[in-house]
Amino acid sequence: MKIIVYAICKNEEKNVKEWYESMKEADEIYVLDTGSTDNTMKLFKECSKVKISQKIITPWRFDEARNESLSRTCDDADLYVSTDLDDRFIKGWRNIIESKWKPGINKIRYPYVLKFNPDGTFARFLNVGKIHTKDFKWIYPIHEVLECSGKVSELEIPELVLSTTLESGHKEYLDLLKLAVKEYPGNLRHQFLLAREYYLNGQNETAIKEFKKYLKTATWDQEKSVSMRFMARCYKNLDDMDNAVLWYKNAARETPNVREAYYELGELYFKQKNYLESKVWLDEALSIETQNKYYINDEKPWNGSIYDMLAYCNYSLKRYKEAYSHALTAKKYFPNDKRIEKNINVYKHYADKE
């Protein structure tokens, strides 16, 4: 089996060595540099498996850059693996693919971890599919996806873990998203991503307007629910708590088995010191034990914060044994938190008398 890794990069000298070490299980590696002014090109020339070339993409768009990189690879590989320089595969990733793949499968999906919990579980992750055969091309100027010239036959491999070292958070993508909406006016995904971009850039009122436009024709419950949560956050930023509560409740109804909306509404009530309502929604959130793998996962609903808040809610409602139990669980997530440790002692004092 022949596996090719290909990538695009620009000014990535800090990532070259680790990325190459992660990817060198491939038979060949192709990198298209799109205009580096640092030592990226020089460092890649020292990597034995890498074939480095350069081309400036003007005007910049991600699909054209990735297609150009793919076009410079060989034509006889079984699979082509697209990654970025801040990505890292789990060690032994090639053997995992070879043990699962069968002829006829032309695309592989796997978890892309944005952040790990201290115990190694996934704090935030997406399911992505950037391993493919040669009969695919990239489309869309940003948030690009693979389009197949024939029928897609996917394989999901949960053990195949790709993670990112990216720490900078969000980039300025508004112009490219506006271009994507213009080029593909009926594409709901782009409408959603444009609305989200306005939210991420602090343009709350514009974001609300765009989310409502998207929701008029949207059909996918997962993305609709995420949109509603973002709208609730926008209203919260605008100090309109009534609408924030409304849209959190709408989000929970849209995807009743997803924890995030319940958690965020419980957190909102907690900050308002409405501990009874907070407990209701946080208890509901806690009853959902499986993290959603189909879309955007938030870290906080799964990192132990829910137990910390529930402990204080129950303490305020004089349910001391519940408070003590939740605080002990919170301590497992945050073992060095002195505040939680102090609270445990207080809750235990009252729980012993209950």
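Residues numbered from 1 in each chain as written. Predicted model: local features only at pLDDT ≥ 70, side-chain atom pairs only at ≥ 80, totals over all residues. Heavy atoms only, no water.

Caption draft 1: Layout of the pattern of salt bridges. Enumeration over the complete set of coordinates arrives at 32 salt bridges. Notably, a salt bridge pairs aspartate 308 with arginine 339, separated by 2.5 Å at the nearest N-O pair. On the criterion of sequence distance, the pair formed by aspartate 308 in helix H12 (residues 305-316) and arginine 339 in helix H14 (residues 338-353) is long-range, its members being 31 residues apart. Residue aspartate 308 is classed as buried on the basis of its relative accessible area, which comes to 15%. Arginine 339 gets classed as partly exposed once you look at its relative accessible area, which sits at 41%. Taken together, the salt bridges that share partners define one network made up of Lys2, Glu28, Lys51 and Asp76. (Salt bridge = Lys/Arg side-chain N within 4 Å of Asp/Glu carboxyl O. Helix = DSSP H or I, 4+ residues; strand = E, 2+ residues; numbered from the N terminus. Buried < 20%, exposed > 50% of the residue type's maximum accessible area, 1.4 Å probe, protein only.)

Caption draft 2: Region of interest: the state of the cysteines. Tallied over the entire structure, the rule returns zero disulfides. Cysteine 74 takes part in no disulfide bond, and the closest cysteine sulfur, belonging to cysteine 47, lies 18 Å away. (Disulfide = S-S within 2.5 Å.)

Caption draft 3: Just the pairing of strand E8 (residues 136-139), in detail. With four bridges joining them, E8 and strand E9 (residues 145-148) adopt antiparallel strand pairing. Looking at the pairing, tryptophan 138 lines up with leucine 146 of E9. Taking the residues between adjacent antiparallel strands as the criterion, E8 and E9 are bridged by five residues, where tyrosine 140 takes a positive phi near 85 degrees. (Pairing = 2+ DSSP bridges.)

Caption draft 4: Structural view of the pairing of strand E3 (residues 50-54). Note that strand E2 (residues 28-33) and E3 share five bridges and pair parallel. Bridge pairing in E3 places leucine 32 opposite serine 53. What joins E2 to E3 is helix H2 (residues 40-45), and the crossover it makes is right-handed. (Right-handed = clockwise from strand over helix to strand, strands pointing away.)

Caption draft 5: Structural view of the packing of aromatic side chains. Within the structure shown, the criterion is met by 23 aromatic pairs. The interplanar angle of 80 degrees and the centroid separation of 5.2 Å between the aromatic rings of tryptophan 60 and phenylalanine 62 together place this pair among those described as edge-to-face. Owing to a relative accessible area of 31%, tryptophan 60 belongs among the partly exposed residues under this scheme. Three or more aromatic residues joined by ring pairs form one cluster here, namely Phe270, Tyr275, Tyr312, Tyr315, Tyr320, Tyr347 and Tyr350. (Phe/Tyr/Trp six-rings, centres within 6.5 Å; stacked < 30°, edge-to-face > 60°.)

Caption draft 6: Just unusual backbone geometry, in detail. Here the bond from threonine 58 into proline 59 is cis, since omega is -10 degrees, no more than 30 degrees from zero. Note on placement: proline 59 falls in the loop between E3 and helix H3 (62-71). Backbone geometry at asparagine 11 places phi at a positive 50 degrees, although glycine is not the residue there. Asparagine 11 gets classed as partly exposed once you look at its relative accessible area, which sits at 35%. Here the phi dihedral of lysine 318 falls at roughly 65 degrees; this positive angle occurs in a residue that is not glycine. Note that lysine 318 resides in the loop between H12 and helix H13 (320-333). On the basis of relative accessibility, which here comes to 61%, the residue lysine 318 falls in the exposed class.

Caption draft 7: Helix H8 (residues 221-237), seen in detail. The terminal C-alpha atoms of H8, which comprises 17 residues, lie 24 Å apart, in line with the 24 Å expected from a rise of 1.5 Å per residue. Burial analysis of H8 places 14 of its 17 residues in the buried class, the great majority of the element. Of the residues trailing H8, aspartate 239 is marked for its positive phi of about 65 degrees. (Expected span 1.5 Å × (residues − 1).)

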